[in-house]
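# A closer look at the structure
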Amino acid sequence: MSTDDRKTIPHGSSQPAEGPRVRRFKLSVLDGDDAGKTYESREDACTIGQHELNQLRLADATVSRFHCEITMTPKGARIRDLESLNGIYVDGLQVNDGYLRGGSLIRLGRVTLRFDFSLESNRLEISENTRFGSLRGSSASMRSCFAMLERAAASDATVLLLGETGTGKSRAARSVHAASARRSRPFLTVDCGSLPANLLETELFGHERGAFSGAQQRRIGIFEEANGGTVFIDEIGELPLELQPKLLRALDAKEIRRVGSNQYVPVNVRLIAATHRDLRTEVNSGRFRPDLFFRLAVVCVMLPPLRAHAEDISFVVEGLLDELKAPPDVVQRVCTPEFVERLRQAAWPGNVRELRNYLERCLVFERELELSPADPTTDEGGELIIDASVPYADAKRKAIEAFERGYVQKLLELHNGNVTAAAQAAEIDRVSLHRIMRRSRRAAGSEG
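Counting from 1, residues in each chain are numbered in the order their sequence is written. This being a predicted model, a pLDDT of at least 70 is required before a residue's local features are given, and a value of 80 or more before pairs of side-chain atoms are given or counted; all residues contribute to the totals for chains, interfaces and linings. Side-chain metrics rest on all non-hydrogen atoms present in the structure, leaving aside hydrogens and water.

### A short note on the pairing of strand E6 (residues 76–81)
- The pairing criterion for strands is at least two bridges between them, as found by DSSP. For helices the rule is a DSSP run of H or I covering at least 4 residues; for strands it is a run of E covering at least 2, with both sets numbered from the N terminus onward. Pairing between strand E5 (residues 68–73) and E6: 6 bridges, direction antiparallel. Its bridge partner lying in E6, Glu 69 is registered against Arg 80.
- Counting the residues between successive antiparallel strands, the hairpin from E5 to E6 contains 2 residues.
- Taken together, the 4 bridges between E6 and strand E9 (residues 97–100) define a ladder with antiparallel strand orientation. When the bridges of E9 are listed, Ile 79 appears paired with Gly 98.

Here's what the structure looks like:
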């Protein structure tokens, strides 16, 4: 595969390039304690609320910490409620997600804002590179991510990676580490979504012998084990509230305390966190500490879903086939221009991860497969089957159980029953996969 026409990321930073222009807008506060305050956009998005991380910060108590977000899109100025307490009203109508027009009046609690388009525009910063580590993309949205990731790699700042499941947050974290000054030191991962709170605490911070029943010997947590390197906390939105102050102390004081110990141990790690949740809405609901969010969001990078940069599909497919070590003759036979075009038209709700798994199945069978295999949780029209005659919790549990059974079955079939290979492909650890398998077997047994 020729790479002569592509630029690659060197270790360290690179100068960003000028990207596409985005229309500028202005917000004016018309009443309340902040009456007369204005904000002019410098980027393509703006959040409004009480928290100091907002681009437009309002003091009124009826405004939530992160109340709403305005984003400039090809369709216009989109406003979205971030699960605020009092909602948002645009020109007298309550909206959760909609578009603004010039002169629109936005009501947030007791505060009224006026939205106006500006005659000027902002030019977004994008990278000159079409790759960052294992990530690929020539679109403006991906190169904008690369510009942020390059800056993050050149510093030691905490990074928060946001985006839907499967967009490549784990890849981005590894790539930032590989391009950083810590690249020769360990890179260790913990998934908050796969461990209960008591095991998660010892995974992060370790424990002393006798700290609890079954603690036969001291265990070093990943914060100590990764000394000098990088700790990647995946799905940090699932971190239990009781553990959040301990993580905050580890970040602020750069020291941790093992479970069962009274002594603090200094640690030297760089933290990268990722989540598919919108932590701003989690802060509003009280499920996530605002001070921890503030500490994590030093550098925020949003990885776009695959459908938002479908023009990169052929480039992404090329890289995935390289990773899968696909034989050239099979690639030539399977990946026709018509095949790639069909990939561009697909929705890919699982994003790059789903695309990778699909390509691997095609390589196994050495032919193009159906893009949307039958799903027992959907009807013939693709609509989710919902039984509203049962309580919400029961319906949700059954849907999750059906998904887990189907996913694990297909995953193990794809890897010939090899649990280690299956866990690596699913980007979860073996313990988590075994837990899901046991849960699926129990659910199947109860139904039988």
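Text resumes after the structure shown.
### Concerning the sheet that holds strand E16 (residues 230–234)
- Spatially, the 5 strands line up as an open sheet ordered E15-E16-E19-E14-E20, and their pairing is parallel. Single-partner strands in this sheet number two, and they are strand E15 (187–191) and strand E20 (299–302). On average, adjacent strands in this sheet sit at an angle of 20 degrees to one another, irrespective of strand direction.
- Looking at chain direction, E16 and strand E19 (residues 270–275) are connected through 4 bridges and run parallel. What sits directly across from Phe 232, in E19, is Ile 272. Whenever a helix is involved, its axis is fitted only over the stretch in contact; in every case the axis is a line through C-alpha atoms, and angles between N-to-C directions fall within 0 to 180 degrees.

### Concerning the environment of Phe 223
- By the secondary structure assignment, Phe 223 is in helix H4 (residues 222–225).
- With a relative accessible area of 1%, Phe 223 lands in the buried category.
- Among residues more than four places away in sequence, those in contact with Phe 223 are Leu 204, Phe 205, Val 231, Ile 233, Leu 247, Ala 250, Ile 256, Val 267, Val 269 and Leu 271. A 1.4 Å probe rolled over the protein chains alone gives each residue an accessible area, and that area as a share of the maximum for its type sets the label: buried under 20%, exposed over 50%, partly exposed in between. Residue contacts are counted whenever heavy atoms from the two residues lie within 4.5 Å of one another.

### Observations regarding the nonpolar core
- Think of a nonpolar core as a cluster: buried Ala, Val, Leu, Ile, Met, Phe, Trp, Tyr and Cys residues, connected wherever their side-chain atoms sit within 4.5 Å. Ranked by internal contacts, the top residues of the largest apolar core, which has 36 residues, are Leu 204, Phe 223, Ile 233, Ile 236, Leu 239 and Leu 247.
- Sort the elements by how many residues they give to this core and helix H5 (residues 244–253) lands first, with 4 residues.
- Every residue in contact with Leu 239, bar those within four places of it in the chain, is listed here: Cys 192, Leu 200, Leu 204, Gln 244, Leu 247 and Leu 292.
- Ranked by size, the runner-up nonpolar core spans 24 residues in total, among them Val 29, Ile 48, Leu 58 and Met 72.

### Let's talk about the confidence of the model for the protein
- In the predicted model, the protein carries a mean pLDDT of 85, and 88% of its residues have values of at least 70.
- Within a predicted model, pLDDT stands for the predictor's per-residue confidence, ranging from 0 to 100. Every residue in residues 1–15 is under pLDDT 50, and counting partners more than four places away or in other chains gives 28 contacts.
- Under a pLDDT of 50 for its full length, residues 373–382 has, in the predicted model, 9 contacts with residues more than four places off or in other chains.

### Here we look at the state of the cysteines
- The disulfide criterion used throughout: a pair of cysteine sulfur atoms within 2.5 Å. Taken as a whole and judged by the stated rule, the model has 0 disulfides.
- Not engaged in a disulfide, the cysteine Cys 68 finds its nearest cysteine sulfur in Cys 46; these two sulfurs lie 7.6 Å apart.
- No disulfide involves Cys 362; its sulfur sits 7.6 Å from that of Cys 335, the nearest cysteine.

### Focus on the sheet that holds E9
- Spatially, the 5 strands line up as an open sheet ordered E4-E3-E5-E6-E9, and their pairing is mixed. Across the chains shown, the open sheet's two edge strands, defined by having one partner strand only, are strand E4 (56–57) and E9.
- Sheet analysis places strand E3 (residues 45–49) next to E4, joined by 2 bridges and oriented parallel. In the sheet register, Ile 48 faces E4, and the bridge partner there is Leu 56.

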